Protein chains: 4
Amino acid sequence: MIKVGIIGGGRIGQIHAKAISKLEGAKVVAIADAFMNDETKMKIANNGNIKFFKSHEEMLEKADLDAVYICSPTSEHVKHAKDSIKAKKHVFCEKPVSFNLDEIKAINKLVDESGKVFMVGHNRRFDHNFMALKDAIKSGKVGDVYQLKISSRDPGLPPIQYIEKSGGLFMDMMIHDLDMSLNLINKKPISIYATGAALVNPEIKKVGDIDTAIVTITFEDNTMAVIDNCRLAKYGYDQRAEVHGSLGSAQIGNEKPSTLIVSNENGVTSEKPLHFFLERYMKSYENEAVNFIDSINGNDKPKATITDAYNAVLLAKAAAISLKEKRVVNLSELD
Amino acid sequence: MIKVGIIGGGRIGQIHAKAISKLEGAKVVAIADAFMNDETKMKIANNGNIKFFKSHEEMLEKADLDAVYICSPTSEHVKHAKDSIKAKKHVFCEKPVSFNLDEIKAINKLVDESGKVFMVGHNRRFDHNFMALKDAIKSGKVGDVYQLKISSRDPGLPPIQYIEKSGGLFMDMMIHDLDMSLNLINKKPISIYATGAALVNPEIKKVGDIDTAIVTITFEDNTMAVIDNCRLAKYGYDQRAEVHGSLGSAQIGNEKPSTLIVSNENGVTSEKPLHFFLERYMKSYENEAVNFIDSINGNDKPKATITDAYNAVLLAKAAAISLKEKRVVNLSELD
Amino acid sequence: MIKVGIIGGGRIGQIHAKAISKLEGAKVVAIADAFMNDETKMKIANNGNIKFFKSHEEMLEKADLDAVYICSPTSEHVKHAKDSIKAKKHVFCEKPVSFNLDEIKAINKLVDESGKVFMVGHNRRFDHNFMALKDAIKSGKVGDVYQLKISSRDPGLPPIQYIEKSGGLFMDMMIHDLDMSLNLINKKPISIYATGAALVNPEIKKVGDIDTAIVTITFEDNTMAVIDNCRLAKYGYDQRAEVHGSLGSAQIGNEKPSTLIVSNENGVTSEKPLHFFLERYMKSYENEAVNFIDSINGNDKPKATITDAYNAVLLAKAAAISLKEKRVVNLSELD
Amino acid sequence: MIKVGIIGGGRIGQIHAKAISKLEGAKVVAIADAFMNDETKMKIANNGNIKFFKSHEEMLEKADLDAVYICSPTSEHVKHAKDSIKAKKHVFCEKPVSFNLDEIKAINKLVDESGKVFMVGHNRRFDHNFMALKDAIKSGKVGDVYQLKISSRDPGLPPIQYIEKSGGLFMDMMIHDLDMSLNLINKKPISIYATGAALVNPEIKKVGDIDTAIVTITFEDNTMAVIDNCRLAKYGYDQRAEVHGSLGSAQIGNEKPSTLIVSNENGVTSEKPLHFFLERYMKSYENEAVNFIDSINGNDKPKATITDAYNAVLLAKAAAISLKEKRVVNLSELD
């Protein structure tokens, strides 16, 4: 039974707690959060089986833990990751590990020395649809891969205050798609080109960000990927991908609340996609937890490593440069 | 916190135990099953919180229960239902309550006298797709209902031994569709006509049953419903329905493991439907448990009553007569 | 070059004229119609290549014809068919040939004696979708056929005056689906059951007809077919069919004006089906003409014969009796 | 009645002849082609109504023509266009008018002076699906347009010899998609970026071309378009587009031979898209001819002008530079 402590008891921390609760081989025994109120504590205390701490240092010192989930704000990730690794814990760290490539490298070094499992919260790698697409590629259904296309649109704009601290669209939103490109293509990216603008809300431009973008990545053998992002899709959370290759193509589409189709004078109408990422990707968090625990037990390997985190952040940084300087960026410039 | 005892610890009993475990306001505290082995007990004992009994009598006597789930073989339902009602418990009884209409009437009388909740396991009423279809009707999206069509096909034949004791296709398989017809049309059925045969496997004819059928029901205002059943669909569990009315039509289709679509030389291929009823309808068992517990707490009413059970069995019986006598059967003949 | 004369220059006659004009091996040289105005004549005269006659007798006598298309009102079909056969012409007769089974038998006898081609306008047999479904069956894709389901809904009610003379829903509308059942199942029908009512417009009941129906046909080996019809579908002309068998199922759906799909706050909406039978089935008239001309030239056989006409009318009559007498009708009662 | 002469009696010339033959207000009266054999002539002579000439000069001199269709090889387009304009004819010229921007400008000047209609064969503008997409945009269904995505894949590679003379993928294949981007976005393009390679067949690289590409266009207000092309799609001719905007998205998909769907052990399979551009876009040639003739008669304006031709070729040229120099190209560099 793997004993898990969680740093950060907010929304994503609670999601992971719930996911872990469904596993037979792991349980959450501690949560470190300075700002959690009593009501929330009571709700997730699991009849007193979970202990609460004011700081991650205290939790790491006093709780009997095998593994730590880092679910704190991004700005705290590096500190929390380092401390947890030093405390000899297996670590699951929410994405992005850091906006800073050197910091990620430093953690990578600590991970190598620790011999413990370090896994990164690229949860879409565990989504049943993206896994089905990856399986289709791996099983040869599309043959040699020529092109990958990913569409990712949010149901609505987050508050400007959130956007200001988010690291920007590439780091905050497209990071998932950039990681998925690497995961699905599984080759070395060579160059990247980004176009984008604040088309949904001009206010976003004022804080130095964009809300709509198209990014093209060229890989070492000229396989190519294109990602389109938009912060607003009136019809809900839009998550699609398509791989085209020598034998054909494979695509995945949106999940819907039901299969209902209504035909009337206005046309033939099916439901909008699931509106929110938690509904759409809930199952992925459970699969992710299974992979983490299995890796700790030596029965599997993490499907999202610190190296994967580095590579995704590298692409996000390169995309930001491309957009700013209106030019193609070779990834060798940054690495 | 509603304390639940389960009579019958087999597959369906365990499904309900799992569904109840997800609720905050209820917990399983006892299971009565004469044949449960220790391994199974251990697996579902929930750290000793569930007690096991050899008989339902013992459980009803010794365990502190608010409600009972009857998950025993159909032949035991009536006895278990009566004993549970007499023991002043709220009762959830798996379908079919009985093959015998008089027995169901007798239970109905006991239920009326007891003042307790009695709910029947017509789980499809709690399926998100069928609920979406019902909502579409109730909200007026199809206008006045003219026709209902239900397709229900199993992924494969059960063993002949199972079929022999099943009560026949109408009672064992179509019962869900007959109930759903009543639920969706919500009017008094007048007559029924059934055609059917053992087309999948002639052995089924030898035990007096069929594996393929089409049944038409005419309701009091001439609204009409048609159900087609087949015990074999090579592509998986096929569950569809369509309602047509004055403003248009509404239909629901199959659930699939993923949204993957592969296009190649053979065509454009999506996945087969979910293969098994447990995968397809798992969520319905949770919704069903919520409705039962809410009804006990006075916050809702059971969506599947003993009267619903009676009406579905009545239609199944009438369909069997129609098939045997190759004629239309007026339901007034039986009622 | 097959020279064709057309009896009846109304809508359906003009459709056939247009279909024939696309063939290389045939041309329309004469049209007999007592009521055609000069404007219409001019429009379809094809630069004077088509001659117009006031009566079919005159056309049969004076025009140099190889074949005749009978596109007159149903009540005239028998007379026009007989006269054309006697004049030693190949004959294409619109459906229904007659509401009277004996009359059809009489024509059948004349056809046998004439040695000429006699083909009936069951145009759906030539529709690319229904042909694809038939090919799927013939090529073994569904294995042994268990069930056939046909849905056929009109976009709107015809005028009551039309309905009064139409022969009733079974003869006027369902006749196509009854014929298609025979065509796709290709076995001997044994019994039929119909339920139906005037649900769209009660006025239709007053003239002795219905607007909504479900009909079940049982074939000699217990293969079963079910047809649902409705005179009103607010979303357009609905034409679907599905065959289920031992290896799986095959279905065909509606044709749409375009593949446009709009996703917005209201859902994900595709276009309504093509609204009118002429749009939906236009191509079938061309394929039909090809089959007729090829048959005349000895290169093919008619895909819709006088026997097919007889069998479809027989089913329509049996369905009407079933509805009226509220009972299953054995086809041996009529034949 | 507009009298049309066609320069070039090959495949595309015959397609236009056929399209014109369906119009009431126009007819083909002459074809100029030095290499047409007698058999082909006979086949399309329309009973002697079409006269054949050895050269376009002879046809322009001797035939009584209102309009000329230029369907000769691309290298002849400019000469044939100039001669036809000088002969005071309305001109329809197949795309691309020329690979040379100055030549197109020169023709543009002649057109302005002539006062005659000059239309370019961007047939996809007349496709019912692309028109439905454009209508969706124009009618405000997607709100402000943020992104356009076009997928265009050929069913198979043309011969290397064809590719060598084709002008390259951007000029030969993507030209349609570039034009469609301009047509749908209807704003001034600012910059373009292309990535591409010979992934299907390395031989194509040897002749200086590619077979797979992704191109991003940024427009004046930062609206963005992305086009993906591949010369090989094993599942047939793939033609899709999607527009995303402030109110939602609109997309169009592939046309199929039938609506057949087969469900079996392998999944749920629909047909491959129509395999060849002639099947897919046949209707567009008719709509195009209608627009041309209506423009000649003053009842409409050409939907694809010499300016449209110029802009599409400009984008194709810029894309080629971008690919070669691995950089973003500002269109102001070329114009």
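Residues numbered from 1 in each chain as written. Chains lettered and ligands numbered in written order. Predicted model: local features only at pLDDT ≥ 70, side-chain atom pairs only at ≥ 80, totals over all residues. Heavy atoms only, no water.

Caption draft 1: Representation of the pattern of salt bridges. Tallied over the full model, the rule gives 111 salt bridges over all chains. A salt bridge links A:Glu57 to A:Lys79; its shortest N-O distance comes to 3.9 Å. With A:Glu57 in helix H3 (residues 56-62) and A:Lys79 in helix H4 (residues 74-86), the pair connects residues that are 22 residues apart, well separated along the chain. For A:Glu57, a relative accessible area of 39% puts it in the partly exposed group. Residue C:Lys79 pairs with C:Asp83 through a salt bridge whose shortest N-O separation is 3.5 Å. With C:Lys79 and C:Asp83 both in helix H4 (residues 74-86), this residue pair falls 4 residues apart, about one helical turn. Given a relative accessible area of 41%, C:Lys79 falls into the partly exposed group. Where salt bridges share partners, they join A:Lys149, A:Glu242, D:Arg153, D:Asp228, D:Asp238 and D:Arg240 into one cluster. (Salt bridge = Lys/Arg side-chain N within 4 Å of Asp/Glu carboxyl O. Helix = DSSP H or I, 4+ residues; strand = E, 2+ residues; numbered from the N terminus. Buried < 20%, exposed > 50% of the residue type's maximum accessible area, 1.4 Å probe, protein only.)

Caption draft 2: Structural detail: helix H1 (residues 11-21) of chain D. Restricting attention to buried positions, one finds in H1(D) the residues D:Gly13, D:Ile15, D:His16, D:Ala17, D:Ala19 and D:Ile20. Here the buried face of H1(D) lies against strand S1 (2-7), strand S2 (26-32), strand S4 (67-70), strand S5 (90-93) and helix H11 (277-296) of chain D. (Contact = heavy atoms within 4.5 Å.)

Caption draft 3: Geometry of the relation of the copies chain A and chain D. By a simple turn and slide, chain A fits onto chain D: the slide is 0.0 Å along the axis, the RMSD is 0.0 Å, and the turn is 180 degrees. With respect to symmetry, the two chain copies, as superposed, fit the operation of a two-fold axis. A high fraction, 100%, of the interface residues of chain A reappear at the interface in chain D, so the copies pair face to face through one surface. (Least-squares fit on C-alpha atoms with pLDDT ≥ 70 in both.)

Caption draft 4: Up close: the relation of the copies chain B and chain A. Between the two copies, chain B and chain A, the superposition gives an RMSD of 0.0 Å; the rotation angle is 180 degrees and the shift along the axis is 0.0 Å. When you check the interface residues of chain B against chain A, 100% turn up at the interface there too, and the contact is symmetric in its surfaces.

Caption draft 5: Geometry of the pairing of strand S11 (residues 238-245) of chain C. All names here are of chain C. The buried count for S11 comes to 8 of 8 residues, which makes it a mostly enclosed element. Across the two faces of S11 the burial is the same, with Asp238, Arg240, Glu242 and His244 and Gln239, Ala241, Val243 and Gly245 all buried. Two strands pair when backbone bridges link them, and strand S7 (residues 145-153) and S11 are joined in this way by 8 bridges, in the antiparallel orientation. The residue bridging Lys149 from the neighbouring strand is Glu242, located in S11. Across 5 bridges, S11 lies against strand S12 (residues 248-252) in antiparallel orientation. (Pairing = 2+ DSSP bridges.)

Caption draft 6: Focus on the sheet that holds strand S5 (residues 90-93) of chain A. Residues and elements named next belong to chain A. Read across the open sheet, the 6 strands follow the order S3-S2-S1-S4-S5-S6; overall the sheet is parallel. At either end of the open sheet lies a strand with only one pairing partner, and these are strand S3 (51-53) and strand S6 (118-120). Taken over all neighbouring pairs, the strand axes of this sheet differ in orientation by 25 degrees on average, direction set aside. Judged from the 6 bridges that link them, strand S1 (residues 2-7) and strand S2 (residues 26-32) form a sheet pairing that is parallel. Its bridge partner being in S2, Ile6 is matched across the sheet by Ile31. (Axes fitted to C-alpha atoms, helices over the stretch in contact; angles between N-to-C directions.)

Caption draft 7: The arrangement of the packing of aromatic side chains in detail. In total, this model carries 22 aromatic pairs over all chains according to the counting rule given. For the pair D:Tyr237 and D:Tyr281, a centre-to-centre distance of 6.0 Å together with 90 degrees between the ring planes defines the contact as edge-to-face. Within this pair, whereas D:Tyr237 is found in the loop between strand S10 (224-230) and strand S11 (238-245), its partner D:Tyr281 is found in helix H11, the two being separated by 44 residues in sequence. Overall, D:Tyr237 belongs to the buried group, its relative accessible area being 5%. Here D:Tyr281 falls in the buried class, since its relative accessible area comes to 1%. Members of the aromatic cluster, connected to one another through ring pairs, are A:Tyr69, A:Phe92 and A:Phe292. Lying over the aromatic face of A:Tyr281, A:Arg280 brings its terminal NZ or CZ to 4.5 Å of the ring centre. (Phe/Tyr/Trp six-rings, centres within 6.5 Å; stacked < 30°, edge-to-face > 60°. Lys NZ or Arg CZ within 6 Å of the ring centre and 35° of its normal.)

Caption draft 8: Here's a closer look at the interface of chain B and chain A. Listed per partner, the contact involves 24 residues of chain B and 24 residues of chain A. Summed over both sides, the interface of chain B with chain A buries roughly 1700 Å², with 53% coming from carbon and sulfur. It is B:Gln251, B:Thr259 and B:Leu260 that lose the most area in chain B upon contact with chain A, and together they represent 29% of the buried surface on that side. Applying the counting criterion to the chain B and chain A interface returns 8 residue pairs in polar contact (both at pLDDT 80 or more). Counting only elements with at least two residues in the side of chain B that touches chain A, the list comes to helix H6 (128-138), strand S12 (248-252) and strand S13 (261-264) of chain B. Within the side of chain B that touches chain A, the residues separate by chemical class into 10 nonpolar, 11 polar and 3 charged. Of the strand pairs in this sheet, strand S13 (residues 261-264) of chain A and S12(B) are connected by 4 bridges, and their pairing is antiparallel. Directly across from A:Asn264, in S12(B), lies its bridge partner B:Gly248. (Buried area = accessible area lost by both parts, 1.4 Å probe. Polar contact = N/O pair within 3.5 Å; in protein donor to acceptor, adjacent residues only side chain to side chain. Nonpolar A, V, L, I, M, F, W, Y, C, P; charged D, E, K, R; others polar.)

Any functional reading would require information beyond the geometric quantities listed.
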